[in-house]
Amino acid sequence: MTETNRRWYLAARPTGEPTREDFEFREDDVPEPGPGEVLVRTLFMSVDPYMRGRMRDAESYAEPWAVGDPMRAGIVGEVIASEYDGLGEGDVVNGELEWADYSVAPGSTLRQVDPELAPVSTALGVLGMPGATAYFGFTDVGEPAPGDTVVVNAAAGAVGSVVGQLARIGGCEVVGIAGSDAKTKWLVDELGFDHAINYDTEDVHARLSELVDGVDVYFDNVGGEITDAVFRHLSVRARVVVCGQIALYNATEIPVGPRKLTTLIQKRAKVEGVLVRDYTNWGEAFERIAGWVARDELRYREDVTEGLENAPEAFFGLFEGENIGKQLVKVRER
Ligand SMILES: NC(=O)c1ccc[n+]([C@@H]2O[C@H](COP(=O)([O-])OP(=O)(O)OC[C@H]3O[C@@H](n4cnc5c(N)ncnc54)[C@H](OP(=O)(O)O)[C@@H]3O)[C@@H](O)[C@H]2O)c1
């Protein structure tokens, strides 16, 4: 193999918003697979909000990345060489690999992707981790019923856009909250949300007062002030699904906001966190979502940044709301 392997390393732990200085781009040799391993050439790489947590040296449900180590990501790639019986050259796979042109991994940690079923990039989005998060978080933790009013924020993102459509398919009234008019228009015109609020230009509490008579399921991807506003509208026996708190991921100190827990007593509401990795039956989610996509009942969008060298900028964009739909980095053609 004459090519070199471009790889992104964590150079420093960010304080506040991550910057390019926190990353280092280096060229290494292409690795060789050992027994039971495969060599994967990256086609698409995912950038995800959770990566900000991995850059922090803090206890969490997963180990933080070490400074000086290669960064890791959800990857869809092609098998170039295999020392694992279950996979052969040319197979398309998905797994947690490196921000790199090439990665080596145990074959048993990879899932095979069927390129005939859907574009392979969807294995990082609607038919991948974000799709599974939306499906299990909404159906299992949200416990929706037809006629419920559902509010979801980061609604034009990878998880939120699926949650809102699952709610619509399930016969709920859906309000999406997002950060631009282009996003709110997409939610209502293309995805069939009943209403959408631009939190950047509109008062979320005032708009909810006009639009709904109580919120039965609140799917929270954001936290902070938006959550303070939505809590004021919870119905009796409301379910709050805490999926993400992206408004707080770059905070150096957690801001103290209004204390809304009395609402939980008044409304006998339930607040529950969800972690997609607790669910083992992702195949069930993908089968159902693929069916809705095939019947055009559920739509998805991908925001694709070209080039591995631009991966940090694609990541930063998540915190600026630059993406509509799933943010991906395209590394090479198949
Ligand atoms: N619990 C789990 O297992 C699990 C799994 C996957 C994802 N998540 C969480 O789910 C959430 C969504 O993830 P995703 O992958 O689908 O990302 P995404 O929604 O595609 O992208 C992030 C979006 O968050 C919004 N945002 C960023 N900073 C914000 C702020 N300060 N205030 C309000 N909105 C802000 C932006 O949209 P706007 O333009 O609307 O601001 C941005 O486009 C994240 O919090 C993530 O950590 C949790």
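Here the structure is a predicted model, which is why all the values come from computation and not from measurement.

(A) View of the overall build of the chain. Within the chain, the secondary structure is distributed over 9 helices and 15 strands. A compact globule built from 334 residues would reach a C-alpha radius of gyration of about 20 Å, and the chain, at 20 Å, matches this within 12%. Judged by the C-alpha coordinates and their principal axes, the chain covers about 65 × 45 × 35 Å. The buried share of the chain, reckoned over its 334 residues, is 51%.

(B) Representation of the nonpolar core. Ranked by size, the top nonpolar core spans 38 residues in total, and within it Phe138, Leu166, Leu187 and Ile289 carry the most contacts. Where this core is concerned, the elements lending two or more residues are α2 (129-141), β8 (149-153), α3 (158-169), β9 (173-178), α4 (181-190), β11 (215-220) and α8 (282-294). Leave out the neighbours within four places in its chain, and Leu187 touches Ala155, Ala156, Gly176, Ala178, Gly192, Phe193 and Ala196. Ranked by size, the runner-up nonpolar core spans 29 residues in total, among them Met55, Leu110, Ala314 and Val331.

(C) Geometry of the sheet that holds strand β13 (residues 270-273). With parallel pairing, the 6 strands of this open sheet are ordered in space as β10-β9-β8-β11-β12-β13. The open sheet has two edge strands with one neighbour each: β10 (195-198) and β13. With strand direction ignored, the average angle separating the axes of adjacent strands in the sheet is 15 degrees. Pairing analysis gives 5 bridges linking β8 to β9, with the strands arranged parallel. The residue of β9 that forms the bridge with Val150 is Val174.

(D) Here's a closer look at the site of the ligand. In the neighbourhood of the ligand, 27 residues make up the surrounding shell, with Lys183, Tyr199, Tyr249, Val274 and Asn323 lying closest. A distance of 2.9 Å is found between an oxygen atom of the ligand and a backbone nitrogen or oxygen belonging to Ala158. Note that an oxygen atom of the ligand is positioned 2.9 Å from one of the backbone N or O atoms of Gly179. For the ligand, whose accessible area on its own is 910 Å², the fraction buried by protein is 90%. Breaking the shell around the ligand down by element, the ones donating at least two residues are α2, α3 and α9 (311-320). A breakdown of the residues in the shell around the ligand according to their chemical character gives 17 nonpolar, 9 polar and 1 charged.

(E) Quick look at the environment of Asn323. Following the sequence through the fold, Asn323 ends up in the loop between α9 and β15 (326-330). Sequence separation between Asn323 and Pro146 is 177 residues, and the spatial gap between their C-alpha atoms is 30 Å. Separated by 3.0 Å, the side chain of Asn323 and the backbone oxygen of Gly325 make a polar contact.

(F) Here's a closer look at the packing of aromatic side chains. The full count for this structure, using the stated rule, is 11 aromatic pairs. Pairing Trp8 with Phe23 gives two aromatic rings, centres 6.2 Å apart and planes at 90 degrees, and the pair type is edge-to-face. You can see Trp8 sitting in strand β1 (residues 4-10) and its partner Phe23 sitting in strand β2 (residues 23-29), a full 15 residues away along the chain. With respect to class, Trp8 is no different from Phe23; both count as buried. Taking the ring centre of Trp186 as reference, the NZ or CZ of Arg301 above it sits at 5.5 Å.

(G) Fine view of the packing of α2 against α3. Between α2 and α3, whose axes approach to 8 Å, the crossing angle comes to 45 degrees. The angle between the axes of α2 and α3 places the two elements in the oblique class. Every pair of crossing elements has a handedness; the one defined by α2 and α3 is right-handed. Contacts between α2 and α3 pair Pro130, Thr133, Ala134, Tyr135 and Phe138 from the former with Ala158, Val159, Val162, Val163, Leu166 and Ala167 from the latter. Considering only residue class, the contact of α2 with α3 consists of 10 nonpolar, 1 polar and no charged.

Cut-offs applied
- Residues numbered from 1 in each chain as written.
- Predicted model: local features only at pLDDT ≥ 70, side-chain atom pairs only at ≥ 80, totals over all residues.
- Heavy atoms only, no water.
- Helix = DSSP H or I, 4+ residues; strand = E, 2+ residues; numbered from the N terminus.
- Rg over C-alpha atoms; globule rule 2.2 N^0.38 Å.
- Buried < 20%, exposed > 50% of the residue type's maximum accessible area, 1.4 Å probe, protein only.
- Core = buried A, V, L, I, M, F, W, Y, C linked by side-chain atoms within 4.5 Å.
- Contact = heavy atoms within 4.5 Å.
- Pairing = 2+ DSSP bridges.
- Axes fitted to C-alpha atoms, helices over the stretch in contact; angles between N-to-C directions.
- Near = heavy atom within 4 Å.
- Polar contact = N/O pair within 3.5 Å; in protein donor to acceptor, adjacent residues only side chain to side chain.
- Areas by Shrake-Rupley, 256 points an atom, 1.4 Å probe, with all protein chains shown as cover.
- Nonpolar A, V, L, I, M, F, W, Y, C, P; charged D, E, K, R; others polar.
- Phe/Tyr/Trp six-rings, centres within 6.5 Å; stacked < 30°, edge-to-face > 60°.
- Lys NZ or Arg CZ within 6 Å of the ring centre and 35° of its normal.
- Parallel < 35°, antiparallel > 145°, perpendicular 65-115°, else oblique.
- Left-handed = near helix turned anticlockwise from the far one by under 90°.

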